[in-house]
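Overview (structure and organization)
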Amino acid sequence: MCHALAQLLPLCVQGCGRGLPENEEEMEALVMNPETQGSKSSDMTHCYGTTISKDVPSVGNGQRTNLEGSPSSSNAPCPDICSDQEVDRMKRRLRFFFMNPIEKWQAKNRFPYKFLLQLVKIFLVTAQLCIFAHSRYKHVNYAWDNRVTFSHLFLRGWDTTREVNSYPPAVGPLALYAKEDFFLTIDHAVSGYGNLSDAIGPYSYDTDDNHMASPLLCLHHYKEGTIFGFNESYVFNSEIDKTCVNLTVPHNASQFSSKDYLRSLGVDVNFSALVRASLAFAVKTVNFKAASAITPPDCYRFDVQIDMDNSDQDGQMLLSLEAEPMRLVCQGDVEYITDNRLDYILGSILNSVVILVCCCSLLLCGRAIYRAQQLKNETIHFFQTVYGTVLSREGRLEFLNLWYVMIIVNDILIIFGSGIKEQIDRKQLAGDQWNICSVFLGTGNLLVWFGVLRYLGFFKTYNVVILTLRNAAPKVARFSLCALLIYAGFTFCGWLVLGPYHIKFRSLASTSECLFALINGDDMFATFSIMPLKSPMLWWYCRFYLYTFISLYIYVVLSLFISIIMDAYETIKLYYKEGFPKSDVQAFMASCTDEASSGVFRSGSFSTSFSLRSWFDKLCCRLPIRKPFSGGSSRFM
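What you are looking at is a predicted structure, and each value in this text was computed from that prediction instead of being measured.

A separate point is the overall build of the protein. Regarding its fold elements, the protein presents 20 helices and seven strands. Residues counted as buried form 40% of the 637 residues belonging to the protein. Pairs at least 24 apart in sequence give 71% of the contacts found in the protein among residues at least 6 apart.

Scanning the entire structure with this criterion turns up one disulfide. Paired by a disulfide, Cys 218 and Cys 244 hold their sulfur atoms 2.2 Å apart. Disulfide Cys 218 to Cys 244: torsion about the S-S bond roughly 110°, handedness right-handed. With Cys 218 in strand β3 (residues 216-228) and Cys 244 in strand β4 (residues 233-246), this residue pair connects regions lying 26 residues apart in the sequence. With no disulfide of its own, Cys 359 has Cys 360 as its nearest cysteine by sulfur position, at a separation of 7.0 Å.

Once that is clear, we can look at the packing of aromatic side chains. Under the definition given, this model contains 28 aromatic pairs. Taking 5.0 Å as the distance between ring centres and 85° as the angle between the ring planes, the aromatic pair formed by Phe 154 and Phe 281 counts as edge-to-face. Here Phe 154 is found in helix α6 (residues 113-154), whereas its partner Phe 281 is found in strand β5 (residues 274-287), with 127 residues between them in sequence. Their ring planes at 70° and their centres at 5.0 Å tell us that Tyr 222 and Phe 236 sit as a pair that is edge-to-face.

Counting 44 residues, the largest nonpolar core has Phe 150, Phe 154, Phe 182, Leu 247, Leu 279, Val 304 and Ile 306 as the members making the most contacts within it. At the level of secondary structure, the elements contributing two or more residues to this core comprise α6, α7 (179-194), β3, α8 (258-264), β5, β6 (298-309) and β7 (317-328). Looking at which element gives the most residues to this core, the answer is α7, with six residues. In this structure, Ile 519, Cys 542, Tyr 545 and Phe 549 belong to the second largest nonpolar core, which totals 25 residues.

This brings us to the packing of α6 against helix α10 (residues 342-387). With their axes 10 Å apart at the nearest point, α6 and α10 run at an angle of 145° to one another. Regarding α6 and α10, the two cross each other, and that crossing is left-handed. Counting all contacts with α6, which are made through Lys 114, Leu 117, Gln 118, Lys 121, Leu 124, Val 125, Gln 128 and Ile 131, the residues of α10 involved are Leu 350, Asn 351, Val 353, Val 354, Val 357, Cys 358, Cys 360, Ser 361, Leu 364 and Arg 367. Taken together, the residues that form the contact of α6 with α10 break down as 11 nonpolar, four polar and three charged.

UniProt annotation of "transmembrane region" (unreviewed entry) refers to residues 344-366, 402-421, 433-456, 476-498 and 544-566 when read in the numbering used here. When the span residues 476-498 is considered, its composition is 100% helix and 0% strand, and the gap between its end C-alpha atoms is 31 Å. Span residues 544-566 is 100% helix and 0% strand, its end C-alpha atoms 32 Å apart.

Pairing of β3 with β4, which is carried by 12 bridges, proceeds in the antiparallel orientation. Across the sheet, the residue bridging to Phe 228 is Ser 233, located in β4. If you look at the hairpin formed by β3 and β4, you'll find four residues sitting between the two strands, and Glu 232 has a positive phi there, around 55°. With six bridges joining them, β3 and β5 adopt antiparallel strand pairing. Considered in β5, the bridge of Leu 217 is made with Leu 279.

Turning to the confidence of the model for the protein, a few remarks are in order. Taken as a whole, the protein shows an average pLDDT of 77; of its residues, 76% reach a score of 70 or greater. At the level of individual helices and strands, the protein shows its lowest average pLDDT in helix α3 (residues 41-48), which scores 36, and its highest in helix α15 (residues 508-519), which scores 94. Confidence drops under a pLDDT of 50 for residues 604-616, and excluding neighbours within four residues, the segment shows 32 contacts in the predicted structure.

This part covers the pairing of β5. For β5, the tally of buried residues reaches 10 of 14 residues, placing the bulk of the element in the interior. Bridging between strand β2 (residues 204-205) and β5 involves two bridges; their strand directions are antiparallel. Directly across from Tyr 205, in β5, lies its bridge partner Val 283. Bridging between β5 and β6 involves 12 bridges; their strand directions are antiparallel.

This brings us to helix α17 (residues 536-578). Here α17 spans 62 Å end to end across 43 residues, near enough to the 63 Å set by a 1.5 Å rise per residue. When the local axis directions of α17 are compared, the greatest deviation, roughly 35°, occurs at Tyr 553. Listed in full, the buried residues belonging to α17 are Leu 538, Cys 542, Arg 543, Tyr 545, Leu 546, Phe 549, Ile 550, Tyr 553, Val 557, Ile 564, Ala 568 and Ile 572. One or two residues past the end of α17 sits Gly 579, with phi positive at roughly 105°.

A cluster of nonpolar side chains, Ile 102, Trp 105, Phe 111, Tyr 113, Leu 116, Leu 119 and Val 120, forms an exposed patch at the surface whose accessible area comes to about 640 Å². For the nonpolar patch, the secondary-structure elements that each account for two or more residues are α5 (101-108) and α6. When residues of the nonpolar patch are assigned to their parent elements, the largest contribution, four residues, is made by α6. Along the polypeptide, Leu 119 turns up in helix α6.

Further remarks concern the side chain of Asn 287. Looking at the element boundaries, Asn 287 is found in strand β5. The residues touching Asn 287, leaving out its near neighbours within four places in the chain, are Tyr 142, Pro 297, Asp 298 and Tyr 300.

Definitions and limits used
Numbering of residues starts from 1 in every chain and runs along the sequence as written. It should be noted that, the model being predicted, local features are given only for residues of pLDDT at least 70 and side-chain atom pairs only at 80 or more, the latter also being counted only at that level, while totals for whole chains, interfaces and linings use all residues. Side-chain metrics in this entry use all non-hydrogen atoms of the structure; hydrogen atoms and water are not considered. Put simply, DSSP H or I for four residues or longer makes a helix, DSSP E for two residues or longer makes a strand, and each gets a number counted from the N terminus. Relative accessible area decides the class of each residue, using a 1.4 Å probe on protein chains only: under 20% of the type maximum gives buried, over 50% gives exposed, and in between gives partly exposed. By definition in these notes, contact holds between two residues if any of their heavy atoms fall within 4.5 Å. Two cysteine sulfur atoms make up a disulfide if the distance between them is within 2.5 Å. Here a pair means two rings of Phe, Tyr or Trp (six-membered ring of Trp) with centres within 6.5 Å. Their orientation is stacked below 30 degrees between planes, edge-to-face above 60, and tilted elsewhere. As used in this record, nonpolar core signifies buried Ala, Val, Leu, Ile, Met, Phe, Trp, Tyr and Cys residues forming a set joined through side-chain atoms within 4.5 Å. Axis definition: a line fitted to C-alpha atoms, limited for helices to the stretch in contact. Angles are taken between N-to-C directions and run from 0 to 180 degrees. It is the rotation of the near helix from the far one that decides the hand of a crossing: anticlockwise by less than a right angle makes it left-handed, clockwise makes it right-handed. Under this grouping Gly is polar, as are all residues other than the nonpolar Ala, Val, Leu, Ile, Met, Phe, Trp, Tyr, Cys and Pro and the charged Asp, Glu, Lys and Arg. UniProt positions are given in the numbering used here, feature names are shortened, and annotations may be inferred rather than shown by experiment. Note: two strands are recorded as paired if DSSP finds a minimum of 2 bridges between them. Confidence of the predictor at the level of single residues is captured by pLDDT, which takes values from 0 to 100. Helix span, as expected, comes to 1.5 Å for every residue beyond the first. In this analysis the local bend is the angle between axes fitted, respectively, to the seven residues ending at and the seven residues starting at the residue. The patches reported here contain residues having more than 30% relative accessible area and no salt bridge. Joining distances are 9 Å for like charges and 5 Å for nonpolar side chains (Val, Leu, Ile, Met, Phe, Trp, Tyr). With residues, only the protein chains shown are counted as cover, and all accessible areas are computed by Shrake-Rupley using a 1.4 Å probe. Each salt bridge in this description consists of a side-chain nitrogen of Lys or Arg and a carboxyl oxygen of Asp or Glu lying within 4 Å of one another.

In structure tokens form, the structure reads like this:
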């Protein structure tokens, strides 16, 4: 060892001359404190032979540098071990970093297991989504059908025309207009609840012995609210009080009178002060249809609530029914459930495998981003030390792979969604979390399939689409901002002027949706014809407003938007013919023409940088010692 050190030290003394420290104390100080090397930057420049080149544009501070790393004739070059080998090694590292997975496989002769992990993840999360989508469809459809059934059983005045959501609505809102209708509506609901056994559905009461529980009637009213319309006076206190009463229903529920019952309790319903009334009760049922060869039946509890909304105080009390499903743990046929645990076991295994795969993908992507930033910092330091230039902003962004960021986001979404799905399968949730789970899994799966575009980008034909979108994105963003400001003006104007008269402009959201549909040529004539003639001035204003908006956005804005995309497409086609513009990083590694299969990327000098000789090389050339970097693990794909 000592003999080898004795041979290396004179070599560095001869190559770097004045750059060596005069004693061991100074050498140790330089190694431990690289900042003290600034006073001898001229020695580093002589060592790496920085020159001014006519072929490479200026970077950062306006100087023109030779990114090829060739020594200048006016400077005393360092030995090859301090210049050419170090520069070539950095070029190969950058060249390997920007390879695609297949080229990295050829370069390092290592199977791309990280690339394979992404393909496996696509298959697993898609299978999980298909299974959950099928279960969720059955769940939501079953809950909606029961809501329709409860509307027929408990809502007075409900008919089948209200079961289909049509636009424009075929009928008006279901509402109450007389005081007697209020009490008759409560009596009808209580009677239907008392005669629950007459329903076709397998419904039961929410009690252990299946006896009818008392429905809960709650009245929300102003603390004081008395109106004397004949002399335009009133007594009013805006504080809202809540009064709840348990309705004790006799054995024959059809004879129940809510009006008499409330009067017997001393509860007076003041309709001028009434804000909202609600009647709540619970119903249990079992769904056999969910059962299959390996799936047991499902048990539910529906929390039914009938709302009578009088908040507008306009003489119209809106009537609606909501039935919130709660999934329960069935206490049914023990043998059947025991024999059909295969569905639960397979579902848990799939959820666990998906979470495990996504965790591995998350860690690998995070490691790849971290190591890419490490390589970026080394490259920045290399350019500053060897060429005296600052790496450009474009060159720095080359090391940030947004595909990895997107993979990290979809991994997080799928992990959370899989966890919620596992709780749903085990029936451990206190509420209905199906919608939250579907948002996590659906968005995560969407981003997973978006990530497939990266692999298509390795082929020239498919990469045109990705490059066109990336090239056009800044211009499209700026153009969309300008178009959005005009769109916002039309939206607020339409909501204010046409909202009271036109059904499509009743709210700010519906106004925006109507205008967006008009841009795409949807339902134009209906938008014109629905406007009534209640106000002739606004009828004509509506025509002028719609003609102006449609002409501006269809004939001008959309045409300009398409022209921006086409301009970006033509630019990409020109780049394919004449060559793409290169950043300073790409220009630096352009001279590295080694093929991926050449074997140079599997050499020891490329994969290991912390050898004893390289340590002395860095010391002689005033470069701070950096940690070894393995190009094969810098990017996981």
